[in-house]
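Spelled out, the chains give:
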Amino acid sequence: MSEHVVAVQPEPDMIQLLTPEGQRVDHPDYPLGLSDEDIAGLYRDLVLVRRIDTEAIALQRQGELGLWASLLGQEAAQIGAGRALRPHDMAFPTYREHGVAWCRGVDPLTLLGLFRGTNLGGWSPSEHNFNLYTIVIGAQTLHATGYAMGVVRDGAVGTGDPDRDTAVLAFFGDGASSQGDVNEAFVWAAAGNLPIVFLCQNNQWAISEPVERQSRVPLYQRSAGFGFPGMRVDGNDVLASYAVTRRALDDARNAQGPTLIEAFTYRMNPHTTNDDPRRYRLGSELETWKLRDPIERVRAYLSREAGYGSDYFAAIEDESKKLAEHVRAGCRALPDPTPQSLFDSVYVTMPAELRAQRDEFVEFVGSLEEASA
Amino acid sequence: MSEHVVAVQPEPDMIQLLTPEGQRVDHPDYPLGLSDEDIAGLYRDLVLVRRIDTEAIALQRQGELGLWASLLGQEAAQIGAGRALRPHDMAFPTYREHGVAWCRGVDPLTLLGLFRGTNLGGWSPSEHNFNLYTIVIGAQTLHATGYAMGVVRDGAVGTGDPDRDTAVLAFFGDGASSQGDVNEAFVWAAAGNLPIVFLCQNNQWAISEPVERQSRVPLYQRSAGFGFPGMRVDGNDVLASYAVTRRALDDARNAQGPTLIEAFTYRMNPHTTNDDPRRYRLGSELETWKLRDPIERVRAYLSREAGYGSDYFAAIEDESKKLAEHVRAGCRALPDPTPQSLFDSVYVTMPAELRAQRDEFVEFVGSLEEASA
Amino acid sequence: MSASSVIGTSLTMAKALNEGLRKAMEDDPKVVMMGEDVGKLGGVFRITDGLQKDFGEDRVIDTPLAESGIVGTAVGLAIRGYRPVCEIQFDGFVFPAFDQIVSQVAKLHNRSAGQVKVPITIRIPYGGGIGAVEHHSESPEAYFAHTAGLKVVACADPSDAYWMVQQAIADDDPVIFLEPKRRYHAAKAEIAAAPTPLHQARVIRPGTAATLATYGATVSVALEAAEAAAADGTQLEVIDLRSVSPIDTETVVDSVRRTGRLLVTHEAPLSFGPAAEIAARVQEQAFYSLEAPVLRVTGYDTPYPPSRLENEWLPNLDRVLDGIDRLMSY
Amino acid sequence: MSASSVIGTSLTMAKALNEGLRKAMEDDPKVVMMGEDVGKLGGVFRITDGLQKDFGEDRVIDTPLAESGIVGTAVGLAIRGYRPVCEIQFDGFVFPAFDQIVSQVAKLHNRSAGQVKVPITIRIPYGGGIGAVEHHSESPEAYFAHTAGLKVVACADPSDAYWMVQQAIADDDPVIFLEPKRRYHAAKAEIAAAPTPLHQARVIRPGTAATLATYGATVSVALEAAEAAAADGTQLEVIDLRSVSPIDTETVVDSVRRTGRLLVTHEAPLSFGPAAEIAARVQEQAFYSLEAPVLRVTGYDTPYPPSRLENEWLPNLDRVLDGIDRLMSY
Ligand SMILES: Cc1ncc(C[n+]2csc(CCOP(=O)(O)OP(=O)(O)O)c2C)c(N)n1
Ligand SMILES: Cc1ncc(C[n+]2csc(CCOP(=O)(O)OP(=O)(O)O)c2C)c(N)n1
Ligand SMILES: [Mg+2]
Ligand SMILES: [Mg+2]
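Residues numbered from 1 in each chain as written. Chains lettered and ligands numbered in written order. Predicted model: local features only at pLDDT ≥ 70, side-chain atom pairs only at ≥ 80, totals over all residues. Heavy atoms only, no water.

Draft legend 1. Fine view of the sheet that holds strand β5 (residues 121-126) of chain D. Residue and element names in this part refer to chain D. The sheet built from seven strands is open, its strands ordered β3-β2-β4-β5-β7-β6-β12 with mixed pairing. With partners counted over all chains shown, the strands left at the sheet margins are β3 (60-62) and β12 (243-245), one partner each. Recorded for the sheet is a direction-independent mean angle of 20 degrees between the axes of neighbouring strands. Bridging between strand β2 (residues 31-35) and strand β4 (residues 83-87) involves five bridges; their strand directions are parallel. When the sheet's bridge partners are listed, Val31 is paired in β4 with Arg83. (Pairing = 2+ DSSP bridges. Helix = DSSP H or I, 4+ residues; strand = E, 2+ residues; numbered from the N terminus. Axes fitted to C-alpha atoms, helices over the stretch in contact; angles between N-to-C directions.)

What follows is the structure, encoded as structure tokens:
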């Protein structure tokens, strides 16, 4: 482990453990407790999820995906938070948490299915302890809160048994902070002293609206008036994101109640592949944020301070290429759902009238195929 | 004007200008600026709105009203705020602001119509600058916010012209503070720096739920995280309620943006005439609050410190009796709406299909009358 | 009182619901009640009376005052394996929860390709006739019935109330459970020994001249109308649909094949209401049996009126009989 | 470009809407646009493109991200005398605003016994067929049509888009304005010199064999079907309803009296959908003219599917023609 220096924080009150230049900084409340090997592991995560993102954008351009919501620039916030989770913790994502999905073991191809239009969210939330993507802004924060109520009722909080005590992590965006649901989730979480961490990725933009449209004070301050602590972390610093989230999750598990974390970061790409940010933001803003890239600083640290050499980086580059290949080939091979699956899983028990509708549909589709044969 | 003493506040951070014992207290930020005559006028208001309330409860018991939501105990918060409004300010009530309605010149009989079931809210909001009662918890806070957006767009804020600059006053309850709409209103008000004052009457209960069910920190603290100030006032102190609301309304008019006021008070009666509070709260709580009665302290002040004698109180008692008579007789005389008014005012322009429905209805009602004749 | 003992006894609908909820909580420790005032107060209608005392605050939860929060957290509880029963205090207050109901509760099972179950029951005291103020007398069932993924049922008598609420809670699909509040304290009736399937309609009075189909709050009106019509020599067949979605169309069509005529009545407004769907299906499936168009007697296309006018607005006995007259005149 | 100059020119629906909004803002300084991304970006579909630049941030408002807030503050603006036009970014995101729409926007005029007007227009790009993810392809019109106090209209071609959006804004009643988003950039068409009344249906293709009634997104499908059927010798009369609430029933019934047959098609799911209401009315008002039951070809009773299945789910040409076959076989 290299020498640490305490650097000036680029934003007041923002917790940072690794400067954009790759220098480790210490924070008294957030000891890191990771080995360089662990940090190298985080680096690998960052590179691989960025690669998935790059491939997905390309696939969208080629018409293989209908849409893609890029995480470029937000890798550190997501990997830091995702790796801070324990396996039995539960996370509730928005539609952009591909990095967290990665940490939760969701196959990138399953994710792609949603954006390709072959499914609406293909993984099992209980298998991965990672809920389905939720597109209606903010709705998932209440689901996370209710889940945390269940955790409490299961006696899975504050027992001191690390394999039992469970925390819940709810993601949302800066734009989402304005939704009633998010604020109701804060009310519930505080009133019930629930084991939940709210993680707001403030990527500065909600499509074309800058964060100032939503709030004139920093978002992390929102929670105090509801009765629980909030803090701002450098969301481009994977180490700080990890340490701050871990601490908040630990507090939750230990029955210390909820925390709000604002991960201060930047959406470097358009909102989705449909968006054109030239209409609403200056290119110079992007240039500034490029200097704070979440991956570069870890690489700088690893090579300069932890003795990782080009071999290591080449190996990861190699793995990244293989992953890209898997994503490209796998995406194209994703099977279309069968027409009659339209009627599956609307209900656990399909009502007779819906069965009749399905049967008519199947017959009709059959008759079309016959006619065209 | 009598001598003032600075007394100990019964709740930390709670602004009080008149103690329960009737002693005037000064607060550096909230000079009162009222003559004893003005205070005597507030006393009259308090007594008269309490009398309306008493009569309404009796009328409900006699079957003349379907329901009544009593304001007993909250007179000071309402009269203080209501009298702080200027005529061209606009107020948005819940269903319990009978005291504010009084200040805005709404005939108590019009109010009773709503609870009798002869109308859904009979007064003209623009004539009284007092919106209709809104029963869906919290919804009106957004209406008030939108109205304030209109005020800004009309250039009626921050001009320095007291006849032009306009403030908006939005009422809501402690229970309502949990609703998404109220928190969205806070977001909007802050983002737009709108000329609005949010007045939360924390009467300690939302039907059977104590305020602790909604929040574990004082409600006035909620606004800080949204970026605007909040304060707690003794809602049983009409002078403090007046001074604090006036100050906040002035700030709003002067383009200083929104304020949240928590008026700390108590609902001394059941939630409505349908409710039975013995199921959920102790009688002793009521006894404690009786010692903080909003009227007694003003009477004590007026008689002990301002030299008002029994003549004055007798005259008000007299006026109160006459008002009671007006309310009793007037309520019984409220005409039922005509059946065909069912179809009035659903639309500004009645669609042909609804007109046909109305015509059929009128014919049908006619045929029934014929048959029974 | 242990719930199983109520079979064969006579209860009001309010008490039957209370007993049904108690039984559901006894049968399955994952069942939790949540809503405004459902705990200490037992709900403004006392339907959950005594449950918090007996099952504790963890299972009967007085929630903060926000309906989206109630339903949204219920979704999370369901994901965690619970079986939440939400009470919406009055019909008109379900709308702040509409997004969570329509976009989450209804869709999550489908979104997850069947991997997540959302066995939430949303209890709504609904309908008018109790002299209440605005938003306390509405019939929002069509909104939910039009939403794929939801089931919508309405009880009309104490025995159904007792059984159906348990069936709804035990159902792995989300169920909107409508309770006709003005019948809460109407005549007591005996609790049957066994339930009817949840989505099956029931012929509650056989007849030959015409079919009168309804559910929930207007079942008693329909029975009165059939009584009155019988006195005039017209034998109406009355069907209690019980389930608004799915509808047991077969039972209705069977009846119409015999009677040739159908009147549908409910409190919800006419246009785009449940009766329209029933009319559309019946005219399609029994086209050649119909001797008259399917007629509808419902609330008018206006907001629910001030209570002094509600008796005129509601599909009352006179209006239903007038509908029958029109139906028989074809 | 001054809006009045577009009459007689050919525009896409997207451009026509943009010009219509511009004209409405020119004509009445109280008209304000509000919604997510409507300002600088001009909306995700660019329907409000350029308006903020020309009319300023006070009249074209990028709101915080909350639909209840958008509609709730619009109510307050209306009370203050403004004429707000809210954009809901996609159909599936209108539900957080449902309470404000159903309990406030729809009811305030009635609550005030006519003393308050709520001239709010809520624009909703609606319907499927654009390959989108969940919540971006829905057809929520039945929810609003069932709500007394609201009007619901849908434009189907550029000229109607231009005129109807202005009529909706000028209307003193609240109007839900549905824009079939997949038609935004379909063929240009000429802007007519004068509008058709907002709630009047229009026979857009005369025929004799059967009537095909629809609105919004499926008008073009209906026209295609009529073309195909004509090739087979079946002359369909196609009606663009234009207004879902109120419905111009008379135009439909007139047509059915002549053709004896009716098929209704829309993208909204079948059960409790708009076609049910039309079927219910037509079988009542034209009972003796019907040679076949009114049939419906609509979205199925499932959530909107993943986009790879949307073509199967939507009422496409094949499905409408199949419906016509069934209709003619009676
Ligand atoms: C209720 C709702 N309204 C609107 C949208 C459309 N929409 C999708 S993403 C988005 C912006 C969200 O911004 P933010 O919360 O900051 O998250 P980010 O996209 O920046 O990750 C909007 C308006 C939606 N998905 N849900
Ligand atoms: C959206 C909504 N949900 C539920 C209700 C039923 N309800 C009426 S008053 C009330 C309690 C409100 O408490 P609070 O906001 O503290 O106001 P208070 O009655 O104490 O003045 C409830 C739950 C309602 N009117 N609106
Ligand atoms: Mg963002
Ligand atoms: Mg209260």
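Draft legend 2. Expanded view of the coordination of the magnesium ion (ligand 3). Residue and element names in this part refer to chain A. Within the first shell, the magnesium ion (ligand 3) binds the protein through Asp174 (OD), Asn203 (OD1) and Trp205 (O), at distances of 2.1 Å. Mapped onto the polypeptide sequence, the residues donating to the magnesium ion (ligand 3) form the spacing pattern D-x28-N-x1-W. Note that Asp174 is positioned in the loop between β3 (168-173) and α7 (180-191) and Asn203 in the loop between β4 (196-202) and β5 (205-206), a separation of 29 residues in sequence. (Donors = N, O, S within 2.8 Å, 3.2 Å for Na, K, Ca; no water.)

Draft legend 3. Main features of the interface of chain D and chain C. On the chain C side, the residues contacting the 50 residues of chain D number 50 residues. With both chains or domains summed, chain D and chain C bury close to 4,300 Å², and 60% of this area falls on carbon and sulfur atoms. Sorting the residues of chain D by area buried against chain C places Tyr143, His146 and Phe272 of chain D first, and these three jointly supply 21% of that buried surface. The interface formed by chain D and chain C holds 16 residue pairs in polar contact (both at pLDDT 80 or more) in total. Every element with two or more residues in the side of chain D that touches chain C is listed here: α4 (98-105), α5 (108-111), α6 (141-145), β12, β13 (262-269), α10 (274-285) and β14 (295-299) of chain D. If one sorts the elements of the side of chain D that touches chain C by residue count, α10 of chain D sits on top with eight residues. Class assignment of the residues belonging to the side of chain D that touches chain C gives a composition of 27 nonpolar, 11 polar and 12 charged. (Contact = heavy atoms within 4.5 Å. Buried area = accessible area lost by both parts, 1.4 Å probe. Polar contact = N/O pair within 3.5 Å; in protein donor to acceptor, adjacent residues only side chain to side chain. Nonpolar A, V, L, I, M, F, W, Y, C, P; charged D, E, K, R; others polar.)

Draft legend 4. Broad picture of the packing of aromatic side chains. Applying the stated criterion across every chain yields a total of 71 aromatic pairs over all chains. Here the aromatic rings of Phe186 of chain A and Phe226 of chain A are separated by 5.4 Å at their centres, their planes lie at 80 degrees, and the arrangement is edge-to-face. Of this pair, Phe186 of chain A sits in helix α7 while Phe226 of chain A is found in the loop between β6 (209-210) and β7 (230-234), placing the two residues 40 residues apart along the sequence. Ring geometry for Phe45 of chain D and Tyr184 of chain D: centres 5.1 Å apart, planes at 55 degrees, overall tilted. Pair noted here: Phe45 of chain D is in the loop between β2 and α2 (51-55) and Tyr184 of chain D is in the loop between β7 (175-180) and β8 (189-190), with a separation of 139 residues, a long-range link. A residue is classified by how much of its surface remains accessible, and Phe45 of chain D, at 18% relative accessible area, is buried. (Phe/Tyr/Trp six-rings, centres within 6.5 Å; stacked < 30°, edge-to-face > 60°. Buried < 20%, exposed > 50% of the residue type's maximum accessible area, 1.4 Å probe, protein only.)

Draft legend 5. Inspection of the coordination of the magnesium ion (ligand 4) at higher detail. Residues and elements named next belong to chain B. Coordination sphere of the magnesium ion (ligand 4), protein contribution only: Asp174 (OD), Asn203 (OD1) and Trp205 (O), at 2.1 Å. Donor residues for the magnesium ion (ligand 4) sit on one chain with the sequence pattern D-x28-N-x1-W. Taken together, the positions of Asp174 in the loop between β3 (168-173) and α7 (180-191) and Trp205 in strand β5 (residues 205-206) put the pair 31 residues apart, joining distant regions of the chain. Residue Trp205 is classed as buried on the basis of its relative accessible area of 8%.

Draft legend 6. Quick peek at the site of ligand 1. The full set close to ligand 1 counts 20 residues, and Tyr95, Arg96, Ile135 and Asn203 of chain A together with Glu67 of chain D are the nearest of them. In this structure ligand 1 sits where residues from chains A and D come together. Here a nitrogen atom of ligand 1 and a backbone polar atom of Ile137 of chain A are 3.1 Å apart. Within the side chain of Glu67 of chain D, one N or O atom sits 2.5 Å away from a nitrogen atom of ligand 1. In the complex, the protein chains occlude 96% of the 590 Å² of accessible area that ligand 1 would expose alone. Of the residues that constitute the shell around ligand 1, the class distribution is 10 nonpolar, six polar and four charged. (Near = heavy atom within 4 Å. Areas by Shrake-Rupley, 256 points an atom, 1.4 Å probe, with all protein chains shown as cover.)

Draft legend 7. Representation of the domain arrangement of chain C within the structure. All names here are of chain C. Domain annotation of chain C identifies domain 1 (3-190) and domain 2 (202-328). Across the boundary between the two partners, domain 1 contributes 25 residues, which contact 24 residues of domain 2. Summed over both sides, the interface of domain 1 with domain 2 buries roughly 1,800 Å², with 50% coming from carbon and sulfur. Across the contact surface, domain 1 and domain 2 share four salt bridges. Among the ionic pairs, Arg182 bridges to Glu267, the shortest N-O distance being 2.4 Å. The interface formed by domain 1 and domain 2 contains 13 residue pairs in polar contact (both at pLDDT 80 or more). When residues of the side of domain 1 that touches domain 2 are traced back to their parent elements, those giving at least two are α6 (141-145), β6 (151-154) and α7 (158-170). (Domains from an automatic or database assignment. Salt bridge = Lys/Arg side-chain N within 4 Å of Asp/Glu carboxyl O.)

Draft legend 8. The arrangement of the site of ligand 2 in detail. Around ligand 2 sit 20 residues, and of these Tyr95, Arg96, Ile135 and Gly175 of chain B together with Glu67 of chain C come closest. Around ligand 2 the close residues trace back to chains B and C. Contact between ligand 2 and His271 of chain B: an oxygen atom at 3.4 Å from a side-chain N or O atom of the residue. Within the side chain of Glu67 of chain C, an N or O atom sits 2.5 Å from a nitrogen atom of ligand 2. Relative to its unbound accessible area of 580 Å², ligand 2 is 96% covered by the protein chains. Each residue belonging to the shell around ligand 2 can be placed in one class, and the counts come to 10 nonpolar, six polar and four charged.

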